[in-house]
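Remarks on the overall topology
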Amino acid sequence: MNRIELMQGDITKLNVDAIVNAANKTLLGGGGVDSAIHRAAGHELLEECKTLNGCQTGAAKISKGYNLPSGFVIHTVGPVWQNGTNEEEIKLRNCYINSLELARENNCKTIAFPNISTGIYGFPKHYAAETAISAVKDFLKNDTDINKVYFVCFDNENYSLYKQLLNIT
Ligand code: AR6
């Protein structure tokens, strides 16, 4: 069974156990997918996020999904692109690995990722896609609990990059 699936669209609409949010260190909301998730989840999400005490780059924290179809939101903080001078690849990889660990600890079988860091944080899309795919594949090699990982692309550029890198025709 192929445990990795590619989709294009709005991650807030997905009926999965957990969706991942590309947040910032405050976990108190922002632009991009973060704002879409907070808007769709409702104000209770912000109230819970206030109790989480922020999050370091590459780490992840979990909250409930409130009005979202997904039961949980896993908030992770991608690296801001700094021309590759600040271990951005390792930090981005950690976002995927730590989110998957947290999903597993919370018995989530299905999880959906946006293209972390490739919007406001400016990580080059091709490099980010390679990093994301390799992190997820490496995690799944040693995991039997997660049933499905969805890569949810919003923009056409990311969608065609993932199609190519995942060998989807
Ligand atoms: N569903 C799925 N993907 C989406 C959606 C959506 N509804 N909306 C946007 N994207 P970004 P970052 C894609 O900028 O680069 C926030 O202010 C978008 O096309 O949301 O990690 C946070 O608070 C892009 O490919 O996140 C942080 O301050 C991807 O989501 C900062 O932005 C990530 O773009 C994080 O920047």
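These lines cover the structure that appears in this document, whether it is placed above or below.

Rules behind the numbers
- Residues numbered from 1 in each chain as written.
- Predicted model: local features only at pLDDT ≥ 70, side-chain atom pairs only at ≥ 80, totals over all residues.
- Heavy atoms only, no water.
- Phe/Tyr/Trp six-rings, centres within 6.5 Å; stacked < 30°, edge-to-face > 60°.
- Helix = DSSP H or I, 4+ residues; strand = E, 2+ residues; numbered from the N terminus.
- Buried < 20%, exposed > 50% of the residue type's maximum accessible area, 1.4 Å probe, protein only.
- Axes fitted to C-alpha atoms, helices over the stretch in contact; angles between N-to-C directions.
- Left-handed = near helix turned anticlockwise from the far one by under 90°.
- Contact = heavy atoms within 4.5 Å.
- Nonpolar A, V, L, I, M, F, W, Y, C, P; charged D, E, K, R; others polar.
- Near = heavy atom within 4 Å.
- Polar contact = N/O pair within 3.5 Å; in protein donor to acceptor, adjacent residues only side chain to side chain.

Turning our attention to the packing of aromatic side chains. All told, the structure shown has six aromatic pairs when counted by the stated rule. Residues tryptophan 81 and tyrosine 127 carry aromatic rings whose centres are separated by 5.9 Å and whose planes lie at 85° to one another, so their mutual orientation is edge-to-face. Residue tryptophan 81 is located in the loop between β4 (72-77) and α3 (88-105), and its partner tyrosine 127 is located in helix α4 (residues 125-141); the two are separated by 46 residues in the primary sequence. According to the relative accessible area criterion, tryptophan 81 is partly exposed, its value standing at 23%. Put simply, the rings of Tyr96, Phe113, Phe151 and Tyr162 pair up and form one aromatic cluster.

A few words on the packing of α3 against α4. One can describe the packing of α3 onto α4 by two numbers: an axis separation of 9 Å at closest approach and a directional angle of 40°. Classified by chirality, the crossing of α4 by α3 is right-handed. On α4, the residues touching Glu89, Leu92, Arg93, Tyr96, Ile97, Leu100, Glu101 and Arg104 of α3 are Tyr127, Ala128, Thr131, Ala132, Ser134, Ala135, Val136, Asp138 and Phe139. Tallied by class, residues from the contact of α3 with α4 come to 10 nonpolar, two polar and five charged.

Here the focus is the site of the ligand. Taken together, 22 residues sit near the ligand, with Asn24, Gly31, Val33, Asp34 and Ile120 positioned nearest. The backbone of valine 33 places a nitrogen or oxygen atom 2.8 Å from an oxygen atom of the ligand. Glycine 119 is positioned such that a nitrogen or oxygen atom in its backbone is 2.8 Å from an oxygen atom of the ligand. Going through the elements one at a time, β2 (18-23) and α1 (32-41) are the ones with two or more residues in the shell around the ligand. Of the residues forming the shell around the ligand, the biggest block, four residues, is contributed by α1.

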